[in-house]
Amino acid sequence: MTKIINISIGAVLVALLAAAGILVYFYLQPTSQASQKLERDLKMWQDHLKSEPDDALARANLGVIYREMGDIESATRELALAVELEPEGYTYITELALTYRQMGDTESALEHLKRAIDLYPNGEKFRAQYLVAEIYFESGDLESAKEFLQQSLEDNNTKWNSHYLMGQLYEREGNLEKAREEYGVAAVFNEDDEELQEALRRVS
């Protein structure tokens, strides 16, 4: 569900993204190439912060790199600094929440995701709402999971994973008809997913 964030190296793009206040770290490269890119990007942002220590975007991107490299302590520190520098930076808050979740601190993850939801503009809240629903689903709180998942679908009903999770909720509740309906909608957007096709066979 969650895309991996990839840092752009171009100086012009960095400047544009800094103005927009968004993260840009997407990579779909072989492992060795990805590892080399992480190392290059790590050094780039570290060097940048020597001259611009209050650059929230740079702090956030550095934090995401640390997280991808498995250094959760450093990731948390840098992302927390980014949020401190830009308290309403909902993208930074979301990434900090994902870091807390990765370290097993679901309480902090939920707290920050809910804070981000309040800050995201309408039409962009769905991802944070989905992540909250996913955490609740994994913890067994189906009522809260459904509440936030419904909000996510109201914000954007074209995301296959939201319909898939809703299908899982209905299936766990024993409502196979509704589960089949949600799985079917999910398949419209992502018909090749093997787990989704298995779910459809399970409730058919």
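Predicted, not measured: the structure shown is a model, and the values here were computed from it.

Undergrad: Provide a residue-level description of helix H9 (residues 160–173), including the pertinent values.
TA: Compared with an ideal rise of 1.5 Å per residue, which puts 14 residues at 20 Å, H9 spans 20 Å between its outermost C-alpha atoms and is within 8% of the ideal. Counting buried positions along H9 yields ten of 14 residues, so the element is predominantly enclosed. Within the span of H9, buried status applies to Asn161, Ser162, His163, Tyr164, Leu165, Met166, Gly167, Leu169, Tyr170 and Glu171. Each element contacted by the buried residues of H9 is listed here: helix H7 (126–139), helix H8 (142–155), helix H10 (176–189) and helix H11 (194–203).

Undergrad: Let's hear about the packing of aromatic side chains: which residues, and what values?
TA: Here the distance between the centres and the angle between the planes together describe a pair of aromatic rings. Under the counting rule described, the total for this entry stands at four aromatic pairs. Where Trp160 meets Tyr164, the ring centres are 5.7 Å apart and the plane angle is 25°; that geometry is what we call stacked. Of this pair, Trp160 and Tyr164 both sit in helix H9, four residues apart, which is roughly one turn of the helix. Accessibility expressed as a relative area gives 11% for Tyr164, which makes it buried.

Undergrad: Describe the confidence of the model for the chain, with residues and values.
TA: Per-residue pLDDT for the chain averages 88, and the proportion of residues at 70 or more is 85%. This model gives residues 1–22 a pLDDT under 50, and the stretch forms 53 contacts once residues within four places in sequence are excluded. Scored below 50 in pLDDT, residues 24–29 makes 28 contacts in the model with residues more than four places away or belonging to other chains.

Undergrad: Talk me through the pattern of salt bridges; I want residue IDs and the actual numbers.
TA: Taken as a whole, this structure holds 13 salt bridges when the rule is applied. Across the salt bridge formed by Arg101 and Glu134, the nearest N and O atoms sit 2.9 Å from each other. Taken together, the residues span a long stretch of sequence, with Arg101 in helix H5 (residues 90–102) and Glu134 in helix H7 at a distance of 33 residues. With respect to class, Arg101 is no different from Glu134; both count as buried. Residue Arg201 pairs with Glu198 through a salt bridge whose shortest N-O separation is 3.1 Å. Separated by three residues within a single helix, Arg201 and Glu198 lie in helix H11, roughly one turn from each other. The structure contains a network of salt bridges with shared partners spanning Lys43, Asp47 and Lys50.

What counts, and at which threshold
- All residue numbers refer to position in the chain's written sequence, counted from 1.
- The predicted nature of this model means local features are confined to residues of pLDDT at least 70 and side-chain atom pairs, given and counted, to a pLDDT of 80 or more, with totals for whole chains, interfaces and linings taken over all residues.
- Here the side-chain values reflect all heavy atoms present in the structure, with hydrogen atoms and water set aside.
- Think of it this way: any DSSP run of H or I at least four residues long counts as a helix, any run of E at least two long counts as a strand, and we number them from the N terminus.
- To estimate how far a helix should extend, the number of its residues minus one is multiplied by 1.5 Å.
- With a 1.4 Å probe rolled over the protein chains alone, any residue whose accessible area is under 20% of its type maximum counts as buried; one over 50% counts as exposed, and the rest are partly exposed.
- Any two residues having at least one pair of non-hydrogen atoms within 4.5 Å are treated as being in contact.
- Between rings of Phe, Tyr and Trp, where Trp is taken as its six-membered ring, a pair exists when centres lie within 6.5 Å; planes separated by under 30 degrees are stacked, by over 60 edge-to-face, and by other angles tilted.
- A score from 0 to 100, pLDDT tells how confident the predictor is in each residue.
- When a carboxyl oxygen of Asp or Glu lies within 4 Å of a side-chain nitrogen of Lys or Arg, that pair is called a salt bridge.

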